[in-house]
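Okay, here's what each chain looks like letter by letter:
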Amino acid sequence: MSEEKSLNFLEDIIEADLAAGKYTSIVTRFPPEPNGYLHMGHATAICLNFGLTKKYPGYTNLRFDDTNPVTEDTEYVESIKADIKWLGFEWKNELYASDYFDELYNYAVQLIKKGLAYVDDSTSEEIATLKGTPTEPGKDSSYRNRSVEENIDLFERMKNGEFKDGARTLRAKIDMAHTNMLMRDPLLYRIKHAHHHRTGDNWCIYPMYDFAHGQSDSIENITHSICTLEFVPHRELYDWLIEQLEIFPSHQYEFARRNLSYTVMSKRKLLQLVNDHHVNGWDDPRMPTISGMRRRGFTPASIIKFCDTIGIAKRENIVDFSLLEFCLREDLNNTALRAMAVLDPVKLIITNYADEASEELTSENGPDEAYGQRIIPFSKELWIEREDFMEEPAKKWFRLAPGAMVRLKSAYIVRCDQFIKDENGLITEIHCTYFPESKSGSDNSGLHTKGVIHWVSAKHAATAEVRLYDRLFKVENPSSEEGDFKDYINPDSLQVINAFIEPSLKEATIDKRYQFLRKGYFCLDKESSEDKLVFNRTVTLKDAWAKEVKK
RNA sequence: UGGGUUAUGGUGUAAAGGUAGCACAACAGAUUUUGAUUCUGUUUGUCUAGGUUCGAAUCCUAGUAACCCAACCA
């Protein structure tokens, strides 16, 4: 089972570290901020961090980066945990940056005592002005040279709630002329009289990302702290703080976040889609959120396979949506139950079949024999797909057409004798004769058809609402187009129809996936009820005929 | 007039001086009681210009392009 696969750059680093004896096992962490729902981008990070400690000795912590109480909430904590579990990963410890608030405070005092941090009374505007720009150096704040005693006193009073929000900050004392903007006396603590989802009202000062993340990594003995590319400039500060505090040296490594074509992947933009009601909530099946994809019918296996296939690197990228669909179909093809449903019905009447007769036919349930068989009722009047009939057949057409024969899946071969149109030219009935000796499994008719179509017995059919989803955006990269990304929303991303389904589908359950023969993969939606079945289309089947038509 | 990161087919990703490979997509064909699946084959690539070398995606020099950094967000 030793399939040779080349290592990505992080695996290279880890194998080198392990080989050099730097570590005997590794510790990674997945550090979401509990201020929104997880999306496909997070899934890559999850697969990466948890995948690494599956492959190499060690473990992964789940750590909520909850240092900004005004945006964070327990609701998100719960959804994040549920999503990770659903993907099938297990964290070693459930931790919170807020668990370390006392330690972080002490670290800050330590820095002050070393003369490496100071309390600044400047306003946010003043700080911004003094910061300079990427091409111009900044200037020192006039509060930069306060004494250690004064700083200790002020910082303690900040903690005690003596000052209003924004009145003062604690800053590291590094270098206001540094070429790296993040080293120009970065803010370490700010005052926020806000209720925290875990620490309540214990604190009114909260550490900034840079003073919480690396220190939390260190406290947890994280060996490989993996984040996305935009944090590259933070690494210098990350290392500086660890060095000055003389704590466990965690190391930060950065990879390029994955982008998916025809969607957006930033929390901010996803939030807009929800707030402006372009979608129906975070778990709308069109959303690239984990919860949306779950509802849509994606399987954990397909998502993990996708993450694995696209790999990991440091360059800009937009992954083809079709690769995700490929991974999805591959998994679903092997696992989905088969059933028949007619989404756009037209009636087919078998003229030589007895009016009141019906019979029970059998059909395979899945991709192989292990799935067994099920019974499907057959009768004189059937629903078939409107698009499976062509009045004037195109070249290479081998479905139903006047005079043409086609196999009804798992049933009989029929020949179209005539069809009926209404006053608008819409075909309402297709009349066929069937060949009794062509019954599936005992066919001795000698007939042969190239086309096979699905059907549902009209008098036995159940009905269901079916939601057909398409890509959310009309363009590959909505964020890089001119104007607002919302201008590129696909107005036809959701189509709701009513379908006729075979009766066995009334027993469908929400944990199962179904292939509606020739139409795609579907799953029951959470809004489904006994009175009204609702199915989501997860993804269509590949359609070679549709391609033929395009030509 | 700064600093950092990155450039390999349409897309993603390998190749640590020695045959540019894999997957998706596209195209062609075979099989098929799902125009699905499966199978076979084909097309397409090393950012540019120089240099080193028997040999360069890889090393050197000079360019070019894209992305990130001036939130009391993470």
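Keep in mind that what you see is a predicted model, and the values were worked out from it rather than measured.

Undergrad: In this structure, what is going on with the domain arrangement of chain A? I would like to understand it.
TA: The figure often quoted for interface size is the accessible area lost as the parts come together. Along its sequence, chain A is organised into domain 1 (9-255), domain 2 (267-338 + 464-550) and domain 3 (341-454). Taken over C-alpha atoms, the centre of domain 2 sits 29 Å from the centre of domain 3. Taken residue by residue, the interface counts 23 residues in domain 2 and 25 residues in domain 3. The largest share of the area that domain 2 buries against domain 3 comes from Phe500, Arg518 and Trp545, three residues that together contribute 35% of it. Where domain 2 packs against domain 3, one counts four salt bridges.

Undergrad: Whenever I open this one, the layout of surface pockets confuses me. Can you help?
TA: Where empty space is left in the structure can be found by rolling a water-sized probe over the atoms. In this structure, the second largest pocket spans a volume of roughly 1200 Å³. Taken together, 44 residues make up the lining of the second largest pocket; nearest its centre are His42, Thr228, Glu230, Phe231 and Arg257. Elements represented by at least two residues in the lining of the second largest pocket include exactly β1 (26-30), α2 (40-55), α7 (209-219), β8 (224-228) and α9 (267-275). Looking at the lining of the second largest pocket, the element that brings in the most residues is α2, giving five residues. Its residues placed into classes, the lining of the second largest pocket shows 16 nonpolar, 15 polar and 13 charged.

Undergrad: Teacher, can you tell me more about empty space enclosed by the protein here?
TA: Enumeration over the complete set of coordinates arrives at two cavities of 30 Å³ or more. There is about 40 Å³ of room inside the largest cavity. At the level of secondary structure, the elements contributing two or more residues to the lining of the largest cavity comprise α2 and α11 (300-310). Ranked by the residues each element gives to the lining of the largest cavity, the list is headed by α2, at three residues. Of the domains in this structure, domain 1 (9-255) and domain 2 (267-338 + 464-550) are the two that each give at least three residues to the lining of the largest cavity.

Undergrad: Whenever I open this one, the protein's contact with RNA strand B confuses me. Can you help?
TA: Residues in contact with RNA strand B amount to 63 residues; listed here are only the nearest, Gly166, Arg338, Ser440, Gln515 and Arg518. The contact atoms of RNA strand B, taken as those within 4 Å of the protein, divide so that sugar and phosphate hold 65%. The contact in question runs from a base nitrogen of RNA strand B to an N or O atom on the side chain of Asp320, over 3.1 Å. A distance of 3.5 Å is found between a base oxygen of RNA strand B and a backbone nitrogen or oxygen belonging to Gly441. Among the elements of the structure, β6 (187-191), α12 (321-335) and α13 (544-550) are those that each provide at least two residues to the surface near RNA strand B. It is α12 that contributes the most residues to the surface near RNA strand B, four residues altogether. Residues that form the surface near RNA strand B fall into these classes: 21 nonpolar, 21 polar and 21 charged.

Undergrad: Looking at this structure, how should I read the pairing of strand β21 (residues 462-469)?
TA: Working note: regular strand, side chains alternate between the two faces of the sheet. Among the eight residues in β21, seven count as buried, and that is most of the element. Relative to strand β22 (residues 494-501), β21 runs antiparallel, the two being bridged by eight bridges. When the bridges of β22 are listed, Tyr469 appears paired with Leu494. The pairing of β21 with strand β25 (residues 533-539) spans four bridges and is parallel. Along β25, the bridge assignment pairs Ala464 with Leu533.

Undergrad: Would you mind showing me how to read the environment of Ile350 here?
TA: Here Ile350 shows up in strand β12 (residues 345-350). For the pair Ile350 and Phe163, spaced 187 residues apart in the sequence, the C-alpha separation amounts to 85 Å.

Undergrad: Could you clarify how one ought to interpret the pattern of salt bridges in this entry?
TA: Where side chains of opposite charge bring their charged atoms close, a pairing between them can arise. The tally for this structure, following the rule as stated, stands at 41 salt bridges. Of the charged contacts in the structure, one is a salt bridge between Arg467 and Asp525, with a shortest N-O distance of 3.5 Å. Residue Arg467 is found in strand β21, and its partner Asp525 is found in the loop between β24 (520-524) and β25; the two are separated by 58 residues along the sequence. Each of the two residues, Arg467 as well as Asp525, counts as buried.

Undergrad: Looking at this structure, I do not really get the nonpolar core. What am I missing?
TA: Grouped burial of nonpolar side chains is what soluble globular proteins tend to show. In terms of nonpolar packing, the biggest core is built from 46 residues, with Phe30, Met40, Ile46, Ile84, Leu260, Ile303 and Phe306 touching the most fellow members. Counting residues per element, this core draws most heavily on α2, at eight residues. Counting residues domain by domain, this core receives three or more from each of domain 1 (9-255) and domain 2 (267-338 + 464-550). Setting aside chain neighbours within four positions, we find Ile84 in contact with Phe30, Leu38, Ile46, Phe50, Leu62, Phe89 and Trp91. Formed by 35 residues, the second largest nonpolar core is a distinct cluster that contains Val119, Ala172, Ile242 and Ile247.

Undergrad: Honestly, the sheet that holds strand β3 (residues 94-96) in this entry has me stumped. Any pointers?
TA: In sheet architecture, strand pairing relies on hydrogen bonds along the backbone and comes in two forms, parallel and antiparallel. If you trace the three strands from one edge of the open sheet to the other, you get β1-β2-β3, paired in parallel fashion. One side of each edge strand has no neighbouring strand; the edge strands of this open sheet are β1 and β3. For this sheet the average axis-to-axis angle between neighbouring strands, irrespective of direction, equals 35°. By the bridge criterion, three bridges tie strand β2 (residues 58-64) to β3 in an arrangement that is parallel. Looking at β3, one finds that Phe64 is bridged to Tyr96. Strands β1, β2 and β3 of the sheet are contacted by helix α3 (residues 74-87), whose axis makes an angle of about 155° with β2.

Undergrad: What am I meant to see in unusual backbone geometry here?
TA: Glycine aside, residues mostly have negative phi angles, and peptide bonds mostly take the trans form. Non-glycine residue Asp185 carries a positive phi angle of around 45°. Locating Asp185 in the fold gives a position in the loop between β5 (169-172) and β6. Here Arg518, not a glycine, exhibits a phi torsion of approximately 70°, which is positive. Looking at the secondary structure, you find Arg518 in the loop between β23 (513-516) and β24. For Arg518, a relative accessible area of 31% puts it in the partly exposed group.

Reading the values: the criteria
- Residues numbered from 1 in each chain as written.
- Chains lettered and ligands numbered in written order.
- Predicted model: local features only at pLDDT ≥ 70, side-chain atom pairs only at ≥ 80, totals over all residues.
- Heavy atoms only, no water.
- Domains from an automatic or database assignment.
- Contact = heavy atoms within 4.5 Å.
- Buried area = accessible area lost by both parts, 1.4 Å probe.
- Salt bridge = Lys/Arg side-chain N within 4 Å of Asp/Glu carboxyl O.
- 1 Å grid on protein atoms, 1.4 Å probe; cavity = no way out; pocket = protein on both sides within 12 Å on 5 of 7 lines; lining within 4 Å.
- Points joined across faces, edges and corners; volume = space filled by probe spheres on them.
- Helix = DSSP H or I, 4+ residues; strand = E, 2+ residues; numbered from the N terminus.
- Nonpolar A, V, L, I, M, F, W, Y, C, P; charged D, E, K, R; others polar.
- Near = heavy atom within 4 Å.
- Polar contact = N/O pair within 3.5 Å; in protein donor to acceptor, adjacent residues only side chain to side chain.
- Buried < 20%, exposed > 50% of the residue type's maximum accessible area, 1.4 Å probe, protein only.
- Pairing = 2+ DSSP bridges.
- Core = buried A, V, L, I, M, F, W, Y, C linked by side-chain atoms within 4.5 Å.
- Axes fitted to C-alpha atoms, helices over the stretch in contact; angles between N-to-C directions.

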